[in-house]
Amino acid sequence: SEVGNLCRHRQRMIRATRFLRRALRADAGASAASADGLKFRFNTPTSSIIGEDTVKMVLVPAVSGDFGILAGHVPTIAQLKPGVVSVYKTDTDISHYFVSGGFAVVRDDAVASVTAAEAVEVSELDSAAVNAGIAKYQGEVASAKDAEEKTNAEIALEVHEAMAYALTLSK
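Residues numbered from 1 in each chain as written. Predicted model: local features only at pLDDT ≥ 70, side-chain atom pairs only at ≥ 80, totals over all residues. Heavy atoms only, no water.

Chemist: What's the story with the packing of aromatic side chains in this structure? I'm lost.
Modeler: The full count for this structure, using the stated rule, is two aromatic pairs. Ring geometry for Phe40 versus Phe42: centroids 6.1 Å apart, planes at 45°, classification tilted. Classification of Phe40 by relative accessible area gives buried; the value is 0%. When its relative accessible area of 0% is taken as the criterion, Phe42 is described as buried. Between Phe42 and Tyr97, the ring centres sit 5.2 Å apart and the planes meet at 85°, which makes this aromatic pair edge-to-face. You can see Phe42 sitting in strand E1 (residues 38-43) and its partner Tyr97 sitting in strand E7 (residues 94-99), a full 55 residues away along the chain. When sorted by exposure, Phe42 lands in the same class as Tyr97, which is buried. Ring-pair connections join several aromatic residues into one group, and the members of that group are Phe40, Phe42 and Tyr97. (Phe/Tyr/Trp six-rings, centres within 6.5 Å; stacked < 30°, edge-to-face > 60°. Buried < 20%, exposed > 50% of the residue type's maximum accessible area, 1.4 Å probe, protein only. Helix = DSSP H or I, 4+ residues; strand = E, 2+ residues; numbered from the N terminus.)

Chemist: I keep staring at the environment of Ala156 and nothing clicks. Help me out?
Modeler: Mapped onto the elements of the fold, Ala156 is located in helix H3 (residues 147-169). Residues Ala156 and Gln138, 18 residues apart in the sequence, show an inter-C-alpha distance of 9.2 Å.

Chemist: Quick question: what am I supposed to make of the nonpolar core here?
Modeler: Counting 23 residues, the largest nonpolar core has Phe40, Phe42, Val60, Val85 and Val114 as its most contacted members. The residues touching Phe42, leaving out its near neighbours within four places in the chain, are Ser48, Ile49, Ile50, Val85, Tyr97, Val99, Val114, Ala116 and Ala119. Membership of the second largest hydrophobic core comes to 14 residues, among which are Val122, Ala156, Ala162 and Leu167. (Core = buried A, V, L, I, M, F, W, Y, C linked by side-chain atoms within 4.5 Å. Contact = heavy atoms within 4.5 Å.)

Chemist: Got a minute to help me understand H3 in this structure?
Modeler: The α-helix advances 3.6 residues per turn, and as a result positions three or four apart in sequence lie on the same side. For H3, spanning 23 residues, the distance from its first C-alpha to its last is 33 Å, which sits close to the expected 33 Å at 1.5 Å a residue. Those residues of H3 not exposed but buried are Ala153, Ala156, Leu157, Val159, His160, Ala162, Met163, Ala166 and Leu167. The N-cap residue of H3 is Asp146: its side-chain oxygen and the backbone nitrogen of Glu148 are 3.2 Å apart. (Expected span 1.5 Å × (residues − 1). Polar contact = N/O pair within 3.5 Å; in protein donor to acceptor, adjacent residues only side chain to side chain.)

Have a look at this one:
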């Protein structure tokens, strides 16, 4: 009926208006935040690596794909995979940290945080120990007696392979 069509059209217009208002608010917040940079926190359960600092950009290894965070980034929660978190204070002042996993949270007020299960500066990784770990866990995957043993070995192998890749980035 014509009344039903008008009601549906009105509902779509209301939804579109709400969406537009949110986008405009986010855009205004992003413009203000971009001038100051991104406020960033980086923690593990046992330490605060970066308490809160203003940075230019952060790159994170998310399960859904690596991505960069700048001031004005859309609010996001992402699970991290083993990989490198790169913190760009400036174009030339860059710190690289290996994380075994965790979460990245980006809020709409230009504040982002990474909470990692474990984190270490890439420069502190020992390539001999990483290569020995890869060989060990490849053997454990091949000789696993049940699904649980195999899964645990595959996880450890994935972490060691990610560390090996991280070492190639620091050269």
